[in-house]
Amino acid sequence: MGLSGLINVDTLLELSNFNSFSVINNSFEGPMHAFKKLESLRALFLSNNKFSGDILDDAFDGMGPLKRVFLVENGFTGHIPTSLANLPGLLEVNLHGNRFEVSSEVLEFQHEVRSSEVTAESKVMVLNGPVMVVKRFQHMNNLGKKEFFEHMKRLGRLTHPNLLPPVAFFYNEEDKLLVHDFVENGSLASHLHGMT
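It should be emphasised that the depicted structure is a prediction, and the values quoted were computed from it without experimental measurement.

Enquirer: Where do I start with helix α3 (residues 145–157) in this structure?
Expert: Along an α-helix, a turn takes 3.6 residues, which lines up residues three or four apart on a common side. Compared with the 18 Å implied by 1.5 Å per residue over 13 residues, the 19 Å span of α3 between its first and last C-alpha is a close match. Among the residues of α3, those classed as buried are Phe148, Phe149 and Met152. Taken end-on, α3 shows its buried residues confined to a sector of 100°, consistent with a single buried face. Summarising the geometry of α3, the exposed residues directed more than 90 degrees from the buried face are Lys146 and Arg157. Residues of α3 that are buried in the fold lie against β8 (99–101), β11 (131–137), β12 (166–171) and β13 (176–181).

Rendered as structure tokens:
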């Protein structure tokens, strides 16, 4: 649609029975707006815009009715807000196409899916959200933060029908983690190399 400019959240407060907000495929930019003022919102769709920067940790506080959050293909960075992970009724979240770091506090580890000399993968659930896979890179312990971030950026730029885009990553001295969507039927590597 090509819309741009400022989104006046206070004006939206004046609308009665307002429970879904969508500006998908436009050119809105800047930081995350104060959508938490819209406490009755059930769906927030901001995908394919030019929003950027860190999202405040309390950005979703008080948004109890919120069920769906789509922030796909923007320029958001930083940590996934714990206020998003703690929403009680959240059904769908899609954050791919951004550069999020993930904290273990928002993940509920379920079980190890696969392991190799290079990586160990665990099936996890973002609290009250979708099932994901966390891949722990076992060969990157000597990698500095800057080098790891550059590696993740390169990985994020790869596109292929058989590759899952990264959703988030995490770095500290002990762990280097990559988060992507969970799909049934194993990994691409298992199909290519005949592993089960």
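Let's pick the thread back up.
Enquirer: Please explain the nonpolar core as it appears in this structure.
Expert: Here is a general trend for soluble globular proteins: nonpolar side chains tend to be buried in one another's company. By size, the foremost hydrophobic cluster in this structure holds 36 residues, and its most contacted members are Phe21, Phe35, Leu44, Leu46, Phe60 and Leu84. Among the secondary structure elements, those contributing two or more residues to this core are α1 (9–12), β11, β12 and β13. Take this core: its biggest share by element is 3 residues, from β12. Counting 8 residues, the second largest nonpolar core, distinct from the first, contains Phe137, Met140, Phe148 and Phe149.

Enquirer: Explain empty space enclosed by the protein here, please?
Expert: To find leftover empty space, a probe the size of one water molecule is rolled over the atoms. For the structure on display, the rule yields 1 cavity of 30 Å³ or more. As a volume, the largest cavity reaches approximately 30 Å³. What lines the largest cavity is Asn98, Arg99, Phe100, Pro166, Val167, Ala168, Phe169 and Leu178. Counting residues per element, the lining of the largest cavity draws most heavily on β12, which supplies 4 residues. Per-class residue counts for the lining of the largest cavity are 6 nonpolar, 1 polar and 1 charged.

Enquirer: Explain unusual backbone geometry here, please?
Expert: It is generally the case that most residues other than glycine have a negative phi and that most peptide bonds are trans. The phi angle at Asn25 is positive, at roughly 60°, despite the residue not being glycine. Within the secondary structure, Asn25 is located in the loop between β1 (20–22) and β2 (29–30). Owing to a relative accessible area of 44%, Asn25 belongs among the partly exposed residues under this scheme. Residues other than glycine seldom take positive phi values, yet Glu73 does so here, at roughly 55°. Relative to the assigned elements, Glu73 resides in the loop between β5 (68–70) and β6 (75–79).

Enquirer: Looking at this structure, I do not really get the pairing of β11. What am I missing?
Expert: The side chains of a regular strand alternate between both faces of the sheet. Summarising burial for β11: 5 of the 7 residues are buried, a large majority. Summarising the sheet, β11 and β13 pair through 5 bridges and their orientation is antiparallel. Paired with Val134 across the two strands is Val179, which belongs to β13.

Enquirer: Before we go on, may I ask you to explain the environment of Leu13 in this structure?
Expert: Checked against the element boundaries, Leu13 lands in the loop between α1 and β1. Linking Leu13 and Leu38, residues 25 residues apart in sequence, is a C-alpha distance of 6.4 Å. Beyond its immediate chain neighbours, meaning those up to four positions away, Leu13 contacts Lys37 and Leu38.

Enquirer: What is the right way to read the pattern of salt bridges from this model?
Expert: Charged atoms that come close allow side chains of opposite charge to pair. Counted by the stated rule, this structure contains 3 salt bridges. As a salt-bridge pair, Asp10 and Lys37 come within 2.9 Å of each other at their nearest N and O atoms. Of the two residues, Asp10 is situated in helix α1 and Lys37 in the loop between β2 and β3 (43–45); the sequence distance between them amounts to 27 residues. On the basis of relative accessible area, Asp10 is assigned to the partly exposed category, the value being 41%. We note a salt bridge from Lys153 to Glu150, for which the minimum N-O separation is 3.7 Å. Of this pair, Lys153 and Glu150 both sit in helix α3, separated by 3 residues, roughly a single helical turn. Judged by relative accessible area, Lys153 falls into the partly exposed class, the value being 37%.

The rules we used
- Residues numbered from 1 in each chain as written.
- Predicted model: local features only at pLDDT ≥ 70, side-chain atom pairs only at ≥ 80, totals over all residues.
- Heavy atoms only, no water.
- Helix = DSSP H or I, 4+ residues; strand = E, 2+ residues; numbered from the N terminus.
- Expected span 1.5 Å × (residues − 1).
- Buried < 20%, exposed > 50% of the residue type's maximum accessible area, 1.4 Å probe, protein only.
- Arc of directions from axis to C-beta.
- Contact = heavy atoms within 4.5 Å.
- Core = buried A, V, L, I, M, F, W, Y, C linked by side-chain atoms within 4.5 Å.
- 1 Å grid on protein atoms, 1.4 Å probe; cavity = no way out; pocket = protein on both sides within 12 Å on 5 of 7 lines; lining within 4 Å.
- Points joined across faces, edges and corners; volume = space filled by probe spheres on them.
- Nonpolar A, V, L, I, M, F, W, Y, C, P; charged D, E, K, R; others polar.
- Pairing = 2+ DSSP bridges.
- Salt bridge = Lys/Arg side-chain N within 4 Å of Asp/Glu carboxyl O.

Nothing here speaks to function; it is geometry throughout.
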